[in-house]
Amino acid sequence: MKIKMKIKHLVLTVVAIALFLPIFFYLIQPQYTIYMVKQQMANGDVMGKERIQKLLDNGKIFPDQRFALIRDYLIEDSFTMEYDVYVGTTSTYWSDSSQSKVKFTFEERLPYLLKYVEEGPTDGYMESAANEVAEYYNKEGEWQKGDRVLQTALDRGNGTYFRSDLATKQIDLAARNGQYERALTYIEEFTANVSEDDSYTKAMAVKSHADILMSRGEYEKVLALVEKALKDISRVKKERDDPEDTLYHEEKQLEEIKDRIKNGQNSVNTVRGKVFSNSDGKIPLEGVGVFLRDKNNLNYSIGSEERYHSVTNSKGEYVFKDVPAGSYQLRFGFTYDQIDGFALSMPSNPWIEVENKDVVAQDSIINPLIEINQPVNSEEITDNQLHFSWEAVEGATYYSISVGREVEGGSVSHGLKSGIKSTELTIPVEELYFSQGGIQFTEESDWSGIDYSSVLGFADPRGRFFWNVEAYDEKGDLITQSQGYRLRDDTFGNLPTFYLKNRELSKADRMLLKNKPEEALKMYKRNYADNPDDLHSLLMISKIIGVEQWVLNNSPKDLAMPYLEELAEKAPNEILFLDILQYYYEKEDWQTYEEWYERFGVIKGDILNEYIEGYHAMALLKQEKYEEARTQFQLVMEQGYRHEYISDWIALELHLGEPIEKAGEMARKYPEQGIYDVRIDWEVMIKNLQREEEQFVGYMEELTVVLGWHFKEENERLDEWSNTTAKIELKRFIEELRQ
């Protein structure tokens, strides 16, 4: 059949197509390309990276879309991470291994970052781009280029508000390059523009100013500058009703500068070390990123603007120059090729102390991951016993096992058993049931309401669980572990996953999984009343009550204790003992506390539980059993390694009349490690006390009295004394003890 078409219809069709083509090429096609780019980048397709570059260079897209692409893929996100994996003692984070091949190098990103600084929105991303580019030029020996980039961003930003972070970066860059006059000019401009109440950002400029003055030997001016800045911060805290005893990052840095000046630690030094791979002998690792972070910066993610960043050479060597006195830790950046099949060894004492001399750090070594045998590959455990086994590690003195469970959007894990002397361990499955791990919250409640399925934890037969074994040497240094990056066929190994199928969900469990804790609790109580051997119901009663008290603070802890005690008697476990001991410690029911501590002594292993034993030293101290407390503190310091209770031991010795020099020796021998928290340098604190003692008559007698108030928790007396004393360092010492 033939179709007739009039000429005018044909003309209209041609005109419509002609009109559609510009819309297609300039609007529809670019939008489709952007959509495809996002899909490809998410899937690790290298074509996505090429398409982004084409869109940015020649694509017919709107300016807002161009800057959005730069923002999403070239300023933030894992596509901009310099390394695939960052490893440290307090945190480990990594990019998606499937996306590692679509990451942009800095050289590829540079022109687009500059474009964002020069033409993009004057937002926080512009600041990030300017900071990153400035630091890059500085490392390349072209700090002036970085200075100009920062000035461009500042000039553009002044139309909206004063960008103090950019200004302090500009000051810092000039000071680090010895351009002191220029830095001082920048400081004047900064002071003229910054808000009077922006004392925290002002502290950053003060730090740079202090560095300049110290380089000139003008130490008295440094002290005056720092003390004024600290007073400004204190004033602003009072105006904002911020707690006086909360020390902010900037305050801590200024306090450290003050301590360095007072203790004559004015020099800058070099820190160097080596990184090896221990596959077939120690092989130097080239191209590893090494970051030196001071004690106040441990919990911040690593960025391209890191001040102390080095890269290992062909001999595995790294070096940091011009490092001021202080306490530091190392962080490492690896590519997946470097870390695949390996884990980084970790010293039990991760701190690098820089004083008035150069430092050679302990060698950092990546060792092959531990091969695990059982349970693996999602094995279903139906027995009441759980058997772990793994391959031996050369040089290991003992092993530790942690367990975890998969949750929506991630996983939670915690330690299960330490001090294992063999390469296998068999435990009752109930031990996993006792361990709570993390508590989840419901999205529907804006993450404030408990998701009670997480309270069921390892007792949920539907859950998939995993485990990790760590190997330690005789010094307590971590050698390696089973958990790590296994990306190739030859490094993949067994999966550390398993199911616990030795029980079925009870009706009470199912009620709990519906997020109905009150009904579930009644059912668990009925179950336990009917069957005193029903340890699961007993456990869940104590868990529900305990979690609600801990998270929601709406259930007295007293209600949970009878159930916890019954459980500890029927199935002794360190986790239970810790909860019980803490409870009676807080109530100061010392008779019951001592009874439970004796029971703990029956089940504790060969490896010291530093937390429980340190807690016991504090319990003796609160009971004024000073000689026993002294012995217990010494045990914890000698056998442990975190030394979390060193301040309390020092305080006890000073209270008992020991000379302040002895306290200084103790602080030097047992430095507080504070692996996860900001550490306190008690040796510096003691030196400050010694110096202040010379200015006051009866200083040590007053110290003894005030420490007595502290031990007896006579807080009103302490507050009154703190508000009137002129002894600044003694006040600071007592405030740190009270934290």
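Within any chain, residue numbers begin from 1 and follow the written order of that chain's sequence. It should be noted that, the model being predicted, local features are given only for residues of pLDDT at least 70 and side-chain atom pairs only at 80 or more, the latter also being counted only at that level, while totals for whole chains, interfaces and linings use all residues. Excluding hydrogens and water, the side-chain figures rest on all heavy atoms present in the structure.

## Concerning the overall build of the chain
Secondary structure follows DSSP: runs of H or I at least 4 residues long count as helices, runs of E at least 2 residues long count as strands, and numbering of each begins at the N terminus. Assigned secondary structure in the chain consists of 29 helices and 21 strands. Accessible area is worked out with a 1.4 Å probe on protein chains only. A residue is then buried under 20% of its type maximum, exposed over 50%, and partly exposed in between. Relative to its 739 residues, the chain shows a buried fraction of 51%. When checking whether two residues touch, look at their non-hydrogen atoms; a contact exists if any pair is within 4.5 Å. Looking at the chain alone, contacts between residues at least 24 apart form 66% of all its contacts between residues at least 6 apart. Residue exposure ignores everything except the shown protein chains as possible cover, and the areas themselves are Shrake-Rupley values with a 1.4 Å probe. Summed over its atoms, the accessible surface of the chain is roughly 36500 Å², and 48% of this surface lies on carbon and sulfur atoms.

## Comments concerning the nonpolar core
What we call a nonpolar core is a set of buried Ala, Val, Leu, Ile, Met, Phe, Trp, Tyr and Cys residues that are connected through their side-chain atoms within 4.5 Å. Counting 110 residues, the largest nonpolar core has Phe388, Trp390, Ile401, Ile650, Leu654 and Phe733 as the members making the most contacts within it. Broken down by element, the residue count for this core peaks at eight residues, all from helix α18 (residues 535-552).

## A closer look at the packing of helix α8 (residues 180-193) against helix α9 (residues 199-215)
What counts as an axis is a line fitted to C-alpha atoms, over the stretch in contact for a helix, and the angles between N-to-C directions run from 0 to 180 degrees. Where α8 meets α9, the closest approach of the two axes is 11 Å, and the angle between their N-to-C directions is 150°. The orientation of α8 relative to α9 falls into the category roughly antiparallel. The element α8 and its partner α9 pack so that their crossing is left-handed. Packed against α8, whose contacting residues are Tyr180, Ala183, Leu184, Ile187 and Phe190, the element α9 presents Thr201, Lys202, Ala205, His209, Ile212 and Ser215 at the interface. Looking at the contact of α8 with α9 residue by residue, the class counts come to seven nonpolar, three polar and one charged. Roughly parallel refers to an angle under 35 degrees, roughly antiparallel to one over 145, roughly perpendicular to one between 65 and 115, and oblique to any angle outside these ranges. Each helix crossing is assigned a hand: it is left-handed if the near helix lies turned anticlockwise from the far helix by less than a right angle, otherwise right-handed if that turn is clockwise. Classes in brief: Ala, Val, Leu, Ile, Met, Phe, Trp, Tyr, Cys and Pro nonpolar; Asp, Glu, Lys and Arg charged; the others, Gly included, polar.

## Some thoughts on the packing of aromatic side chains
Ring pairs shown here join Phe, Tyr and Trp side chains whose ring centres sit within 6.5 Å, with only the six-membered ring taken for Trp; geometry is labelled stacked below 30 degrees between planes, edge-to-face above 60, and tilted in between. Summed over all chains, the structure comprises 29 aromatic pairs. Ring geometry for Trp390 versus Tyr399: centroids 5.4 Å apart, planes at 65°, classification edge-to-face. The pair Trp390 / Tyr399 is uniform in exposure class, with both members buried. Connected via pairs of aromatic rings, a cluster forms that spans Phe577, Tyr585, Trp590, Tyr593, Trp596, Tyr597, Phe600, Tyr611 and Tyr615. Its guanidinium or amino end placed over the ring of Trp596, Arg599 lies 4.2 Å from that ring's centre, counting from NZ or CZ. As a reminder, the over-ring test applies to NZ of lysine and CZ of arginine, requiring each to be within 6 Å of the ring centre and within 35 degrees of the ring normal.

## Thoughts on the pattern of salt bridges
What counts as a salt bridge is simple: a side-chain nitrogen of Lys or Arg found within 4 Å of a carboxyl oxygen of Asp or Glu. The full count for this structure, using the stated rule, is 42 salt bridges. Two residues, Asp172 and Arg176, come together in a salt bridge whose shortest N-O distance is 2.8 Å. Highlighted residues: Asp172 and Arg176, both in helix α7 (residues 164-176), separated by four residues, approximately one helical turn. Given the relative accessible area of 16%, Asp172 is considered buried.

## Details of unusual backbone geometry
Looking along the chain, the bond that leaves Gln374 and enters Pro375 is cis, with omega of -5°. Notably, Asp322 is not glycine yet its phi reads approximately 55°, a positive angle. Structurally, Asp322 can be placed in strand β7 (residues 317-324). Residue class for Asp322 comes out exposed when judged on its relative accessible area of 52%. The backbone phi angle of Asn515 is positive, close to 65°, even though this residue is not glycine. When you line up the elements, Asn515 lands in the loop between α16 (507-513) and α17 (517-530). By relative accessible area, Asn515 is classed as partly exposed at 31%.

## What about the confidence of the model for the chain?
Within a predicted model, pLDDT stands for the predictor's per-residue confidence, ranging from 0 to 100. When the pLDDT values of the chain are averaged, the result is 85; 89% of them are 70 or greater. Strand β13 (residues 372-374) holds the highest mean pLDDT among the elements of the chain, 97, whereas helix α1 (residues 7-42) holds the lowest, 61.

## Looking at the side chain of Ser310
Within the secondary structure, Ser310 is located in strand β6 (residues 309-311). In protein, a polar contact requires one atom able to donate a hydrogen and another able to accept it; more generally it is a pair of N or O atoms within 3.5 Å, and residues adjacent in sequence count only if both atoms are side-chain atoms. At 3.4 Å, the side chain of Ser310 and the backbone nitrogen of Val319 are in polar contact. The contact partners of Ser310, leaving out residues within four places of it in the chain, are Val288, Gly289, Val290, Tyr318, Val319 and Phe320.

## Comments concerning helix α24 (residues 646-655)
Most of α24 sits inside the fold, with 10 of its 10 residues counted as buried. By the burial criterion, the buried members of α24 are Ile646, Ser647, Asp648, Trp649, Ile650, Ala651, Leu652, Glu653, Leu654 and His655. If you follow the buried residues of α24, they end up packed against α22 (610-622), α23 (626-639), α25 (660-669), α26 (682-693), α27 (699-711) and α29 (728-738). Residue Gly657 follows α24 closely and has a positive phi angle near 95°.

## Observations concerning the side chain of Arg163
Topologically, Arg163 is positioned in the loop between α6 (143-157) and α7. The residues touching Arg163, leaving out its near neighbours within four places in the chain, are Thr122, Asp123, Met126, Glu127, Ala153, Leu154 and Gly157.

## Let's talk about the packing of helix α3 (residues 63-75) against helix α4 (residues 106-119)
Across the interface, α3 lies against α4 with an axial gap of 10 Å and an inter-helix angle of 130°. As summarised for this structure, α3 and α4 are arranged oblique, according to the angle between their axes. The interaxial crossing formed by α3 with α4 has left-handed handedness. The segment α3 lies against α4, with Arg66, Phe67, Ile70, Arg71, Leu74 and Ile75 engaging Arg109, Tyr112, Leu113, Lys115, Tyr116 and Glu119. Residue classes in the contact of α3 with α4 are distributed as seven nonpolar, no polar and five charged.

## Focus on the sheet that holds β13
Here, any two strands with at least 2 DSSP bridges between them count as paired. Across the sheet, which stays open at both edges, the three strands sit in the order β13-β15-β18 with antiparallel pairing between neighbours. With partners counted over all chains shown, the strands left at the sheet margins are β13 and β18 (424-428), one partner each. Here the average twist between neighbouring strands, direction ignored, is 20°. As judged from the five bridges shared by strand β15 (residues 385-390) and β18, these two strands associate in the antiparallel manner. Note on β18: the bridge partner recorded for His387 is Thr426.

## As for the pairing of strand β19 (residues 465-472)
Counting buried residues along β19, seven of its eight residues qualify, which places the element largely inside the surrounding structure. Bridge analysis of strand β16 (residues 398-407) against β19 gives eight bridges, and the strand direction is antiparallel. By the bridge assignment, Tyr399 is partnered in β19 with Ala471. For β19 and strand β21 (residues 497-500), the ladder comprises two bridges, and the chain directions are antiparallel.

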